[in-house]
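So the chains spell out like this:
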Amino acid sequence: MMNVFCKTLLASAMAASLVSSAYAADPLQVYGKLNVTAQSNDVNDETETTIQSNASRFGVTGEFELSKSLEAFYTIEYEVNTGDDDKENFLARNQFVGLKGNFGAVSVGRNDTILKVSQGKVDQFNDLSGDVKNMFKGENRMAQTATYYTPMFGDFQAGVTYVASGDSDQVVGDNTTGEDGVSMAVMYGDAGLKSTPIYAAIAYDSKVKGYDTARATVQGKVAGLVIGGMYQQQEAIDSGVTDNGFLLSTAYDINDATLKAQYVDMENKGDSWSVGADYKLGKPTKLFAFYTANSFDSNDQDDSYVGIGIEHKF
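Quick caveat, the model's predicted, so the values are computed rather than measured. (Residues numbered from 1 in each chain as written. Predicted model: local features only at pLDDT ≥ 70, side-chain atom pairs only at ≥ 80, totals over all residues. Heavy atoms only, no water.)

A. Structural context of unusual backbone geometry. At D45, a position not held by glycine, the phi torsion is positive, near 65 degrees. On the secondary structure map, D45 appears in the loop between β1 (26-43) and β2 (46-53). For D45, a relative accessible area of 73% corresponds to the exposed category. Here the phi dihedral of K209 falls at roughly 50 degrees; this positive angle occurs in a residue that is not glycine. Tracing the sequence through the fold places K209 in the loop between β10 (198-208) and β11 (211-222). (Helix = DSSP H or I, 4+ residues; strand = E, 2+ residues; numbered from the N terminus. Buried < 20%, exposed > 50% of the residue type's maximum accessible area, 1.4 Å probe, protein only.)

Structure, rendered in structure tokens:
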């Protein structure tokens, strides 16, 4: 049933995108990416080879002009796991609808929290085995949210995400019902480092998915060198245990190639280091390779991953 629904949705979106509307502020767009790697994974002292998908996805997004000062917007996005044996391999990602105008933008639905968004692009191995989510809490996409972004004030913008207590991920410990959660951030600059040489953000989660989390992120670019850092303090609501951690990342462009490295450490969790390289074949397509080593304190376990892959965006 899910495959039929998603195929119908995609076909309808593609047909609609070919038809321009006199009322639409921007034509409906179909978008996505395929990111697939051939990997050798050494986990729990066992080695296996995989051809795996890394958050490959497709979605539709669009805007509709309601008046000169008000627009409706929406996104419906699914993850497609190309390496899953189950043919019903669609997973929900961000799916929301909202309004925007001079007041900013407000949306409701399934969405990334503001704290997650605030990291920008400091995680050089996002969606791969070295993703910061393996060590840090706070990388949350919640099902029942309302999100507000302020207008830009120069290069500054603030945002807040409300997470309803009815979201099943808000239930902590032995409780039978959840609590309301709030995620907030103040951000400076362009996360892509195209319009500003520095991006910075301060964010805080209160009672989101069982944790209170404070995060500070900064990233800058000089010539072809990108350097980034993140500091995080996270407290488990049920136990009161507080842990501190940090991330350091760097990337350097040499013509069409990008060399990358990253180190992540979280108290009472473990550490991770990664190195890799991307090679751009064209604007939408790149080849890449990486090596990641994750070490966990809880069981003195060391896991390693080496992979080569291709990513194509559309």
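So, next bit.
B. Representation of the pattern of salt bridges in the model. One pass over the structure, following the stated rule, counts eleven salt bridges. Its salt-bridge partner being K33, residue E311 comes within 3.4 Å of it at the nearest N-O pair. Residue E311 is located in strand β17 (residues 301-313), and its partner K33 is located in strand β1; the two are separated by 278 residues in the primary sequence. Given a relative accessible area of 7%, E311 falls into the buried group. Residue K33 is classed as buried on the basis of its relative accessible area, which comes to 12%. Between D112 and R141 there is a salt bridge; the shortest N-O distance is 3.0 Å. Here D112, found in strand β6 (residues 104-112), pairs with R141, found in strand β7 (residues 141-149); they are 29 residues apart in sequence, far enough to count as distant. Relative accessible area serves as the criterion here: at 15%, D112 is assigned to the buried category. Of the residues examined, R141 reaches a relative accessible area of 22% and is grouped as partly exposed. Three or more residues joined by partner-sharing salt bridges are found here, namely K33, R57, D127 and E311. (Salt bridge = Lys/Arg side-chain N within 4 Å of Asp/Glu carboxyl O.)

Interpretation in functional terms is not warranted from these geometric data alone.
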